[in-house]
Amino acid sequence: MSEEPKEVLLRRLEGLEQMPSIPVILAPLLRYFEQPLESLDVQGAVVLISQDKSLAAQCLHMANSPLFGRWQRVDSVRSAVVALGMQRMRDIALSCSVLKLAPADQGGIDPTVFWEHSLGCALVSRRFARGIGFSDHGKAYLAGLLHDLGIIVNLWILPGEFGRAMELARTHRIPLHEAELRTMGLTHCESGRRLAEQWGLTPELVEVVGSHHQLENATHHRALLALVSLSDLLCRMNGLGHGFIEERQVNFLEQPGFALLLKECPTLETFDWARFTFELEGYLDEVHRLVSLLYRPK
Ligand SMILES: [Fe+2]
Ligand SMILES: [Fe+2]
């Protein structure tokens, strides 16, 4: 256990002025893309994305990746929005702007590994949502992308304690949140919830960020939460985790998230896990390539 009791760590997390601020471009993008898809127009999206030249360039890299279904090269933001459609472009623009958020301390976890896990989880959540008939694929993508925000907070505010948790997880090959609980008495869910609230994210995103490892505590948005929690587990079990492979056998049908999600999406009963896992393996190289292309620490 950390030398400092949980209460002291929680008080340190209240030091909001040290918390990472929302990347400048992300706030207007979130506000714009939170509107219903049918009310968004190509010109509005192009103007917004083009305001930031590096964001526009990154969006084009991503738009040309097979992960976003593009097989013919696009060379302008406008042609990308037209060719990929507004929903894909929303996923791309939000991913690129979130990736601008750099962890302050890079001792605990390699930021490239962190963003590969986040982007992988976003893609898996979206694909999973589509496969089981979950209503909002875009929301699933964004929730997957942001679910581990608390890790960034821990790197900023509790770097020493988090570094020890990461070390314990790595050496014993246990889930990171279990190691955090053992060493700090709290997990990145608690710290992430504070940042998600401070940023004014929607209540369902706050719930995913704040409860994805404690599904039993959640009272709202449980289907989305369960979907992201299962996608997170799938990524961790398939080489898109936190830089190490956890040593344990996992039966997805016995996960708490499975029963929760089944209530909302009955097609989950016949979902083809083997095929899904096989597809996920195909994502790996492209996720690695894309993140190293997009994410260049300063
Ligand atoms: Fe997590
Ligand atoms: Fe995660």
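Residues numbered from 1 in each chain as written. Chains lettered and ligands numbered in written order. Predicted model: local features only at pLDDT ≥ 70, side-chain atom pairs only at ≥ 80, totals over all residues.

1. Considering helix α6 (residues 86–98)
With 13 residues, α6 ought to run about 18 Å at 1.5 Å a step, and its terminal C-alpha atoms sit 18 Å apart, in line with that. With respect to burial, α6 is a largely interior element, 11 of its 13 residues being buried. Of all the residues in α6, the buried ones are Arg88, Met89, Arg90, Asp91, Ile92, Ala93, Leu94, Ser95, Cys96, Ser97 and Val98. (Helix = DSSP H or I, 4+ residues; strand = E, 2+ residues; numbered from the N terminus. Expected span 1.5 Å × (residues − 1). Buried ≥ 20, exposed ≤ 12 C-beta atoms within 10 Å, placed from the backbone.)

2. Observations concerning the nonpolar core
Cys59, Leu205 and Leu227 are the most contacted members of the largest nonpolar core, which has 87 residues in total. Inspection of this core shows a minimum of three residues originating in each of domain 1 (6–18 + 103–294) and domain 2 (21–100). Dropping the residues within four chain positions of it, Leu205 is found in contact with Leu142, Ala143, Leu146 and Ala196. (Core = buried A, V, L, I, M, F, W, Y, C linked by C-beta atoms within 7 Å. Domains from an automatic or database assignment. Contact = placed C-beta atoms within 7 Å.)

3. A word on the packing of helix α7 (residues 111–132) against helix α16 (residues 273–294)
Running from N to C, α7 and α16 point in directions that differ by 140 degrees, and their axes come no closer than 9 Å. One way to sum up the angle between α7 and α16 is to call them oblique. As for the relative orientation of α7 and α16, their crossing is right-handed in sense. Between α7, through Thr112, Trp115, Glu116, Leu119, Gly120, Leu123, Val124 and Gly131, and α16, the contact on the second element is made entirely by Phe276, Leu280, Tyr283, Val287, His288, Leu290, Val291 and Ser292. In terms of residue class, the contact of α7 with α16 is built from 10 nonpolar, 5 polar and 1 charged. (Axes fitted to C-alpha atoms, helices over the stretch in contact; angles between N-to-C directions. Parallel < 35°, antiparallel > 145°, perpendicular 65-115°, else oblique. Left-handed = near helix turned anticlockwise from the far one by under 90°. Nonpolar A, V, L, I, M, F, W, Y, C, P; charged D, E, K, R; others polar.)

4. Notes on the environment of Leu29
Within the secondary structure layout, Leu29 lies in helix α2 (residues 26–33). A sequence separation of 182 residues divides Leu29 from Ser211, and the C-alpha atoms of the two residues are 25 Å apart. In this view, Leu29 contacts Leu48, Ala93, Leu94 and Ser97; residues no more than four positions away in its chain are not counted.

5. Here's the deal with the domain arrangement of the chain
Partitioning the chain into domains gives domain 1 (6–18 + 103–294) and domain 2 (21–100). Taken together, the contacts link 15 residues of domain 1 with 15 residues of domain 2. Contributing elements (two or more residues each) for the side of domain 1 that touches domain 2: α7, α8 (137–146) and α16. Residue classes in the side of domain 1 that touches domain 2 are distributed as 13 nonpolar, 1 polar and 1 charged.

6. Let's talk about the environment of Glu269
Tracing the sequence through the fold places Glu269 in the loop between α15 (256–264) and α16. On a C-alpha basis, the gap between Glu269 and His61 in space is 37 Å, while along the polypeptide they are 208 residues apart.

7. Remarks on the packing of α6 against α8
Across the interface, α6 lies against α8 with an axial gap of 10 Å and an inter-helix angle of 15 degrees. With respect to α8, the axis of α6 lies roughly parallel. Like other packed secondary-structure pairs, α6 and α8 cross with a definite hand, here right-handed. Counted together, Gln87, Arg90, Asp91, Leu94, Ser95 and Val98 of α6 and Gly138, Tyr141, Leu142, Leu145 and Leu146 of α8 form the full contact between these two elements. When the residues that make up the contact of α6 with α8 are grouped by side-chain class, the tally is 6 nonpolar, 3 polar and 2 charged.

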